[in-house]
Amino acid sequence: MNQPNWKTSRWLGTAAVMVAAFAVTLLAQRDGGRERFEVNGVTSMSQILVQPTDRSVHLSVLAPQDIEAVVEYGEKSGSYRKKTDSVKVSAGKPAEIVLSSLSPNQQYFYRLQHKAPGEAKFAAEPEASFHTQRSPGSTFTFSVQGDSHPERSAIGADAFNRMYHPDLYEITMKNLRAEHPDFHIMLGDDFNVDPLFNRDMMNTAAVSQLYINQRRFLTIAGASIPLFHVNGNHEQAAAHLLDGTPNNAAVLSRSEEHTSELQSLAYLVCRLLLEK
């Protein structure tokens, strides 16, 4: 079988490796001389494509309230010949909807529809599109980001290193959406747990908030561009941190309910190796 013809994507955004990161939403604050972290939960809906193949793709949906969701999709804009089964999405818990029976090397258009329990009519999100895996040996494009580092803010009196700004990150995601590569790779340090880890303040709710916050930006591009991610050193998921308990940093940093649908980069590597 022909080997894939790699075509490196163009740099997108305002800085190399997209160091403009996501907005400060996990906030370190002083409370009676003691530091605490603000966990706000889910405040808006997001949709992100994951696990793309030549025959299917998953849509990860996160909503602030309980909803019933269904996806319509087809090969022409505005014409949706297929529809998924209805899926119940619990408030604050990501759920995956599988778009199956797709054709290889084909562009698809889709629309997420949702309603609250007991409502009669569905409300539609804006149409988005994606491309299934291209034929082996053909050209495809991808984009890369890494080192978001939300703690290195360019906002506020305690700004550290002025490494990112949420407005720049939003612009970057919009530029990425306009380029519309076949998939997007997150190389790590996008869900930095250091502010929690260094103060022994890690817990499931706080770590999950990191993923919730990032989705606000990832949905801008991720609704049309499937994502792959891998942990960096600042995710504190190293094996030497495992101590046999469920509450250690290496386990908590995985935030299973959120990382399960943001498919690991290893998945992509395995697919490419199998196609050689």
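Before any of the text, the structure's been laid out above.
A few points on the structure.

### Regarding unusual backbone geometry
Part 1 of the argument: Phi angles above zero are rare outside glycine, and serine 101 is one such case at about 55°.
Part 2 of the argument: Take serine 101: it is sitting in the loop between β9 (95-99) and β10 (107-115).
Part 3 of the argument: Judged by relative accessible area, which is 54%, serine 101 ranks as exposed.
Part 4 of the argument: The phi angle at histidine 180 is positive, at roughly 50°, despite the residue not being glycine.
Part 5 of the argument: Of note, histidine 180 is situated in the loop between α1 (166-179) and β14 (183-186).

### Focus: the packing of aromatic side chains
Part 1 of the argument: Evaluated as defined, the whole model comprises 6 aromatic pairs.
Part 2 of the argument: Between tyrosine 110 and phenylalanine 130, the ring centres sit 6.0 Å apart and the planes meet at 50°, which makes this aromatic pair tilted. Remark: phenylalanine 130 occurs in strand β12 (residues 128-131) and tyrosine 110 occurs in strand β10; sequence separation between them is 20 residues. With respect to class, tyrosine 110 is no different from phenylalanine 130; both count as buried.
Part 3 of the argument: On the basis of an interplanar angle of 85° and a centroid distance of 5.6 Å, the ring pair of phenylalanine 183 and phenylalanine 228 is categorised as edge-to-face. Of this pair, phenylalanine 183 sits in strand β14 while phenylalanine 228 sits in strand β15 (residues 227-229), and the two are 45 residues apart along the sequence.
Part 4 of the argument: When its relative accessible area of 2% is taken as the criterion, phenylalanine 228 is described as buried.
Part 5 of the argument: Pairwise contacts between aromatic rings join Phe140, Phe142, Phe183 and Phe228 into one cluster.

### Some thoughts on α1
Residues separated by three or four positions in an α-helix point in the same direction, a consequence of the helix having 3.6 residues per turn.
Part 1 of the argument: Counted at 1.5 Å a residue, the expected span for α1 with its 14 residues is 20 Å, and the 20 Å between its end C-alpha atoms agrees.
Part 2 of the argument: Within α1, the full set of buried residues consists of Pro166, Tyr169, Thr172, Met173 and Leu176. Buried residues of α1 fall within an arc of 115° about the axis and therefore sit on the same side.
Part 3 of the argument: Those residues of α1 that are buried lie in contact with β13 (139-145), β14 and α3 (204-222).
Part 4 of the argument: Remark: histidine 180 follows α1 within two positions and exhibits a positive phi of approximately 50°.

### Regarding the side chain of glutamate 72
Part 1 of the argument: As for its placement among the helices and strands, glutamate 72 is situated in strand β6 (residues 67-74).
Part 2 of the argument: Looking at glutamate 72, its side chain comes within polar contact range of the side chain of arginine 111, at 2.9 Å.
Part 3 of the argument: Separated by 2.8 Å, the side chains of glutamate 72 and glutamine 113 make a polar contact.
Part 4 of the argument: Beyond its immediate chain neighbours, meaning those up to four positions away, glutamate 72 contacts Tyr80, Lys82, Lys83, Phe109, Tyr110, Arg111 and Gln113.

### Some remarks on α3
Part 1 of the argument: In α3, a bend of some 40° at arginine 216 exceeds every other bend along the element.
Part 2 of the argument: Counting buried positions along α3 yields 16 of 19 residues, so the element is predominantly enclosed.
Part 3 of the argument: For α3, the N-terminal capping position is held by asparagine 203, with its side-chain oxygen 3.2 Å away from the main-chain nitrogen of alanine 205.

Conventions used here
Residues numbered from 1 in each chain as written. Predicted model: local features only at pLDDT ≥ 70, side-chain atom pairs only at ≥ 80, totals over all residues. Heavy atoms only, no water. Helix = DSSP H or I, 4+ residues; strand = E, 2+ residues; numbered from the N terminus. Buried < 20%, exposed > 50% of the residue type's maximum accessible area, 1.4 Å probe, protein only. Phe/Tyr/Trp six-rings, centres within 6.5 Å; stacked < 30°, edge-to-face > 60°. Expected span 1.5 Å × (residues − 1). Arc of directions from axis to C-beta. Contact = heavy atoms within 4.5 Å. Polar contact = N/O pair within 3.5 Å; in protein donor to acceptor, adjacent residues only side chain to side chain. Bend = angle between axes of the 7 residues up to and from the residue.

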